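# Topology and contacts: notes
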Amino acid sequence: MDKKSHIIIVSNRLPLILKKTEGGKIEVGKGAGGLVTAMAPVLKNRKGTWIGWPGYVQESDIDDNMLPAIQTAASGYSVKPVMLNSNEVKNYYEGFSNSIIWPLFHDFTDKCIFLPEYWKSYQEVNKKFALTIYQDANDLDFIWVHDYQLILVGAQLRKMHIRNPIGFFLHTPFPPFDTFARCPWRFELLSAMLEYDIIGFHTIQNKRNFIRCVKKIIQDVQIDKKIKSNASVSELRLGNRKVRIGVFPISIDYNEFFLKAWDSDVYKRAKEMRKNAPDMKIILGVDRLDYTKGIPEKLIAFKQFLTCFPEFHKKSHFIQLVIPSRREISAYADLKLQIEQLVGEINGMFATGDWLPVQYMFRTLDRNELISLYRTCEIAFIAPLKDGMNLVAKEYCACNIDEKGVLILSEFAGAAQQFHQDAILVNPHDIEGMTKAIYKAFNMPLEERNQRMRNLREIVKNKDVFWWLNSFLNAAIEKDLSSFPQADEYLPFNLLK
Ligand code: GDG
């Protein structure tokens, strides 16, 4: 990519949030979440444009007075907001995105509400995003669309005769055919995905599911024989068009987390946390409020652990941080109640005057606070029922600088593909198995913990967010794919650093 070619990143949310104060003033803050965490270092390194919704509901178009505040907050790259009105938030965001695609792609089909008005709004808002890109893009720009809320954007751009290379990365899993086939708009969604030049998934399983869906639903498609469909990147041919399909496991800025873990403020906080309980073993859970994250299952397993192993009373402590998310959707509000009931039940059963088994926090922590938890907790307990990747698992390893921690990880998190040898893998549906995993983590010899954590950290270090980004961009621009490295090979060609 030469100097004239910029990257345009398009995601549902901008990496910042606009809020109107009571006095009508606009305040701009930083956003949270997996995609933001992953992309922020990328935009720090390369000037480009980020197009997305600032998370602020507005009935009319954006007021020009807000633009300077938005630009100031972004600093270093340009930002183009796409404003949504309350109807669009209800039907496109809470509706089609989060009450159809999100549950469908995570195999929660019972939570899907297939309403035609959601589909209509999804098409309209995707078109709105495409129009904003259309107004901003130069001929040479690489347009990179992110995630399940914006699947139709590439196809909309093609309708506007945009010929730029357009990539798409899916941050969620892609479901098996039997699940995907339930969607009334399966053909439209898949056809739209095939308008991209390159599509990235976190795991080989997601890629295989996608290719199978394409074969069954679109049919008139050829898989390039030179590149096996389970390799890192394959090429699909549809008439004259070619679409690359690749596996690019997302990651974190390892160095940033690693260095932060050495920060004196982080050290002070970690020490403070330990002051009153130096010998307590702390289990840590960090999850967005979401039924995919397996939070109730973890609490039930911890309850069983305390029931089966009373010798760990007063010696174990479970900190579960839940980040508020999508509470307007009833499934999320119900989940919050379920979690709070379980926490109350466990503490009610086991707490003593000087020991609280579960510490539950329902809020966003500041970064140093989060990193001091990563640094000091002996066990990270991450048990999603299904997860695209799970960045928390990677952040925990990067920050575990004394290499004494243990990672308990669901086999249904994308991260398990990379961590299966050194994490303790669990099936979150198997409560007994998870109870045993906690016991195993508590009793693992120091030497084994050191070795496993060292290996995990090595993976995160070698395949950080820059590796992810470079792999994707290399696959997008590489002319001859037959020599393209596999997902588990390191790519030396570095576009960013
Ligand atoms: C989606 C996919 C995929 C959490 N609590 C706080 C906080 N966080 C940050 C973490 C982490 C991020 O939020 C959560 O990322 P995850 O990957 O775990 O999960 P999702 O939000 O569901 O992300 C997921 C990801 O996209 C990327 O592709 O891995 O599978 O579902 O970075 O650090 N940050 C701060 N305070 C908190 O309290 N500052």
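See the structure printed just above.
Read on for a plain summary of the structure. The numbering scheme is per chain: residues are counted from 1 as the chain's sequence reads. Reporting of local features is limited, given that this is a predicted model, to residues whose pLDDT is at least 70; pairs of side-chain atoms are given and counted only at 80 or more, and all residues count toward the totals for whole chains, interfaces and linings. The basis for the side-chain values is all heavy atoms of the structure; hydrogens and waters are excluded.

### What about the overall build of the chain?
Regarding its fold elements, the chain presents 18 helices and 17 strands. Of all 497 residues assigned to the chain, the portion counted as buried reaches 58%. In this description, contact between two residues means that some pair of their heavy atoms is separated by no more than 4.5 Å. Look at the contacts in the chain between residues 6 or more apart in sequence, and 75% of them connect residues 24 or more apart. Counting from the N terminus, the helices are DSSP H or I runs at least four residues long and the strands are E runs at least two residues long. The cut-offs for exposure are 20% and 50% of the maximum accessible area for each residue type, with area from a 1.4 Å probe on protein chains only; residues under the lower value are buried, those over the upper are exposed, and the others partly exposed.

### Describing the packing of helix H7 (residues 186–193) against helix H8 (residues 204–218)
Angles here are taken between N-to-C directions and fall from 0 to 180 degrees, while the axes themselves are lines fitted to C-alpha atoms, restricted in helices to the stretch in contact. Interaxial distance between H7 and H8 falls to 10 Å at its minimum, and their mutual angle equals 115°. The element H7 and its partner H8 pack so that their crossing is left-handed. Across from Arg186, Phe187, Leu190, Ser191 and Met193 in H7, the residues of H8 making contact are Phe210, Cys213, Val214, Ile217 and Ile218. The class makeup of the residues in the contact of H7 with H8 is eight nonpolar, one polar and one charged. Crossings are sorted by hand: turned counterclockwise from the far helix by less than a right angle, the near helix makes the crossing left-handed, and turned clockwise it makes it right-handed. Residues were grouped as follows: Ala, Val, Leu, Ile, Met, Phe, Trp, Tyr, Cys and Pro as nonpolar; Asp, Glu, Lys and Arg as charged; and all remaining residues, including Gly, as polar.

### As for the pairing of strand E10 (residues 233–238)
The element E10 is largely enclosed, with a buried count of five among its six residues. Between any two strands, pairing holds if DSSP finds at least two bridges. Here strand E9 (residues 222–223) pairs with E10 via two bridges, running antiparallel. The residue bridging Gln222 from the neighbouring strand is Arg237, located in E10. Examined bridge by bridge, E10 and strand E11 (residues 241–247) share six bridges and lie antiparallel to one another. Paired with Arg237 across the two strands is Lys242, which belongs to E11. Counting the residues between successive antiparallel strands, the hairpin from E10 to E11 contains two residues, one of them, Gly239, with a positive phi of roughly 60°.

### A short note on the packing of aromatic side chains
Geometry of aromatic contacts follows a simple scheme: Phe, Tyr and Trp rings, the Trp one being its six-membered ring, pair when their centres are within 6.5 Å, and the pair is stacked under 30 degrees between planes, edge-to-face over 60, tilted otherwise. The tally for this structure, following the rule as stated, stands at 37 aromatic pairs. Seen from their ring centres, Phe174 and Phe210 are 5.3 Å apart, and the 85° between their planes marks the pair as edge-to-face. You can see Phe174 sitting in the loop between strand E7 (166–169) and helix H6 (177–180) and its partner Phe210 sitting in helix H8, a full 36 residues away along the chain. This pair shows no difference in class: Phe174 is buried, exactly as Phe210 is. Taken together, the aromatic side chains of Phe302, Phe305, Phe309, Phe312, Phe318, Phe381, Tyr439 and Phe442 make up a single cluster linked through ring pairs. Criterion for a charge above a ring: Lys NZ or Arg CZ within 6 Å of the ring centre, and within 35 degrees of the ring normal. Here the guanidinium or amino end of Arg326 rests over the ring plane of Trp102, the centre of that ring lying 4.2 Å away. Sitting above the plane of the Phe362 ring, Lys336 keeps its charged end 4.7 Å from the centroid.

### Observations concerning the pattern of salt bridges
Salt bridges are identified by distance alone: a Lys or Arg side-chain nitrogen within 4 Å of an Asp or Glu carboxyl oxygen. A full pass over the atoms with the stated rule returns 24 salt bridges. As a salt-bridge pair, Arg288 and Asp290 come within 3.3 Å of each other at their nearest N and O atoms. Given the relative accessible area of 22%, Arg288 is considered partly exposed. A relative accessible area of 0% places Asp290 in the buried class.

### Details of helix H12 (residues 330–350)
If you check H12, its first and last C-alpha atoms are 31 Å apart, about what 21 residues at 1.5 Å a residue would give, namely 30 Å. Summarising the contacts, the buried residues of H12 are in contact with helix H3 (86–105), helix H11 (295–308) and strand E14 (358–362). To estimate how far a helix should reach, multiply one less than its number of residues by 1.5 Å.

### Notes on the layout of surface pockets
Only protein atoms enter the 1 Å grid used here. Points where a 1.4 Å probe fits but cannot escape make up a cavity, open sets with protein on both sides within 12 Å along at least five of seven lines make up a pocket, and a residue lines them when an atom lies within 4 Å of a point. Grid points are joined across faces, edges and corners, and a volume is the space filled by probe spheres set on the points. Here the second largest pocket defines a volume of roughly 480 Å³. Together, 21 residues line the second largest pocket, and Met273, Ile282, His317, Ile319 and Gln359 are the ones closest to its centre. If you list the elements that add at least two residues to the lining of the second largest pocket, you get helix H10 (264–274), strand E13 (316–323), E14 and helix H13 (367–376). If one sorts the elements of the lining of the second largest pocket by residue count, H10 sits on top with four residues. The residue makeup of the lining of the second largest pocket, split by class, is 10 nonpolar, four polar and seven charged.

### Let's talk about the sheet that holds E7
Strand order in the open sheet made by the nine strands is E5-E4-E1-E6-E7-E8-E11-E10-E9, with mixed pairing throughout. Every other strand in the sheet has two partners, leaving strand E5 (78–81) and E9 as the edge strands with one partner each.

### Some remarks on the site of the ligand
Residues in close proximity to the ligand total 23 residues, the closest being His171, Ile323, Leu365, Asp387 and Glu395. Between the ligand and Gly388, the relevant distance is 3.0 Å, taken from an oxygen atom to a main-chain nitrogen or oxygen of the residue. Isolated, the ligand exposes 730 Å² of accessible area, and the fraction of that covered by the protein chains is 92%. The element that contributes the greatest number of residues to the shell around the ligand is helix H14 (residues 391–399), accounting for three residues. Looking at the shell around the ligand, you find at least three residues from each of domain 1 (7–247) and domain 2 (254–462). Residues are labelled near a given molecule or strand when at least one of their non-hydrogen atoms is within 4 Å of it. Distance and chemistry together define a polar contact, namely a pair of N or O atoms within 3.5 Å, with one atom able to donate a hydrogen and the other to accept it when in protein, and with adjacent residues in sequence counting only for side-chain atoms on both sides. Here the open area of atoms and residues is found with the Shrake-Rupley method and a 1.4 Å probe, where only the protein chains shown may cover a residue. Domain start and stop positions are those given by an automatic or database domain assignment.

### Some words on unusual backbone geometry
Among all residues save glycine, negative phi is the norm, and among peptide bonds the norm is trans. Phi at Asp107 is positive, roughly 65°, even though this residue is not glycine. Relative to the helices and strands, Asp107 resides in the loop between H3 and helix H4 (116–136). For Asp107, a relative accessible area of 35% corresponds to the partly exposed category. Positioned with a positive phi, Asn390 is a non-glycine residue whose angle comes to about 100°. Secondary-structure assignment places Asn390 in the loop between strand E15 (379–382) and H14.

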